[in-house]
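# A look at the structure
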Amino acid sequence: MNALEAYARPLRATWLPLLVLLVGCPGSDDDSAPREPGPEHVTDTLGVVYRVDEEVGGYVTEDPSAVIAPCDGEPEFTFDWGRTGIAMMCARSPEGGGSQAETCRPLACSRDAECPFQPPHLDSACIRGICQCVSGACPCVEDQCPPPRIDGLVSDEEVVALCLHDTERPGACPWVLNPPPNIQLVADALDACDELERCPVPSECLQP
């Protein structure tokens, strides 16, 4: 499968522990103040705001710029921890059951309180302007936390999100029908992934 073919296939959402990272410093929150679970609203790197909707059991947005034509069914947005701990908002097809990698965008932040947090198993911080897992604790399952990110590599879906952080989501699926302007950059990034789908982040892309 070449890089272009890889765009069209859904990449599964990852919630169970795999690889995560602590890079840089946390955001500007007062570390002495207790942190509340939440938040109820999050914002991606395109400036799209999502709110928690308990009725649908996930995030929804009323921003018309986030509308995506159906892929395998009517898409909905899902919060996705990438395999190395980058928080993303992705469109998901209920029928397909996975995140569509080309629709994933990192969650933007200026302070820790803007990032998902649910003690004791979910701990994230604002690192380099995006929400990321902290100290291998995102999420922990039965007190078993994922190891740090290996050699600075991210997963294939995360490298797509980082390289497309400021690119509008595609208007239709599969992506090959409506490619972004920097498709070659993303293709080259995916071609550099290893056999375990761990990828270096090109210098032109958002750095985790």
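All of these numbers come straight from a predicted model, not from anything done at the bench.

## Examining the overall build of the protein
Tallying secondary structure elements over the protein gives three helices and ten strands in all. Element order for the protein, N to C, with α for helix and β for strand: α-β-β-β-β-β-β-β-β-β-α-α-β. The proportion of buried residues among the 208 residues of the protein is 46%. Considering only contacts in the protein between residues 6 or more positions apart, those separated by 24 or more positions represent 61%. Put simply, the protein shows about 10,000 Å² of open surface, and 53% of that area lies on carbon and sulfur atoms.

## What about the packing of helix 2 (residues 156-163) against helix 3 (residues 183-191)?
Running from amino to carboxyl end, helix 2 crosses helix 3 at an angle of 155°, the nearest separation of the two axes being 10 Å. In this view, helix 2 runs roughly antiparallel relative to helix 3, as classed from their interaxial angle. Remark: the crossing between helix 2 and helix 3 carries right-handed chirality. Across the interface between the two elements, Asp156, Val159, Val160 and Cys163 of helix 2 pack against Val186, Ala189 and Leu190 of helix 3.

## So, the environment of Thr45
By the element assignment, Thr45 lies in the loop between strand 1 (41-44) and strand 2 (49-53). Spatially, the C-alpha atom of Thr45 lies 5.0 Å from that of Ala108, the residues being 63 residues apart in sequence. Of the polar contacts made by the side chain of Thr45, one reaches the backbone oxygen of His165; its length is 2.7 Å.

## Structural notes on the pairing of strand 8 (residues 130-133)
Moving residue by residue along a regular strand, the side chains alternate between the two faces of the sheet. Burial along strand 8 is two-sided: the residues Ile130 and Gln132 and Cys131 and Cys133 are all buried. The pairing of strand 7 (residues 124-127) with strand 8 spans four bridges and is classified as antiparallel. Note on strand 8: the bridge partner recorded for Ala125 is Gln132.

## Overview of the state of the cysteines
Counted by the stated rule, this structure contains five disulfides. There is a disulfide in this structure between Cys90 and Cys104, and the S-S distance comes to 2.0 Å. The S-S bond linking Cys90 to Cys104 shows a torsion near 110°; that makes this disulfide right-handed. In this pair, Cys90 sits in strand 5 (residues 87-92) while Cys104 sits in the loop between strand 5 and strand 6 (105-108), placing the two residues 14 residues apart along the sequence. Note on accessibility: Cys90 and Cys104 belong to one class, buried. The disulfide that involves Cys193 links it to Cys199, with 1.9 Å between the sulfurs. The sign of the 100° torsion about the S-S bond sets the Cys193-Cys199 disulfide as right-handed. Residue Cys193 is classed as buried on the basis of its relative accessible area, which comes to 18%. Its relative accessible area of 0% is what places Cys199 among the buried residues.

## A look at the pattern of salt bridges
One pass over the full model with this rule turns up six salt bridges. Ionic pairing is found between Arg51 and Glu62, a salt bridge with its closest N-O pair at 3.8 Å. With Arg51 in strand 2 and Glu62 in the loop between strand 3 (58-60) and strand 4 (76-81), this residue pair connects regions lying eleven residues apart in the sequence. You can call Glu62 exposed: its relative accessible area is 68%. Sharing partners across several salt bridges, the network here consists of Arg83, Asp156 and Glu197.

Calculation notes
- Residues numbered from 1 in each chain as written.
- Predicted model: local features only at pLDDT ≥ 70, side-chain atom pairs only at ≥ 80, totals over all residues.
- Heavy atoms only, no water.
- Helix = DSSP H or I, 4+ residues; strand = E, 2+ residues; numbered from the N terminus.
- Buried < 20%, exposed > 50% of the residue type's maximum accessible area, 1.4 Å probe, protein only.
- Contact = heavy atoms within 4.5 Å.
- Areas by Shrake-Rupley, 256 points an atom, 1.4 Å probe, with all protein chains shown as cover.
- Axes fitted to C-alpha atoms, helices over the stretch in contact; angles between N-to-C directions.
- Parallel < 35°, antiparallel > 145°, perpendicular 65-115°, else oblique.
- Left-handed = near helix turned anticlockwise from the far one by under 90°.
- Polar contact = N/O pair within 3.5 Å; in protein donor to acceptor, adjacent residues only side chain to side chain.
- Pairing = 2+ DSSP bridges.
- Disulfide = S-S within 2.5 Å.
- Salt bridge = Lys/Arg side-chain N within 4 Å of Asp/Glu carboxyl O.

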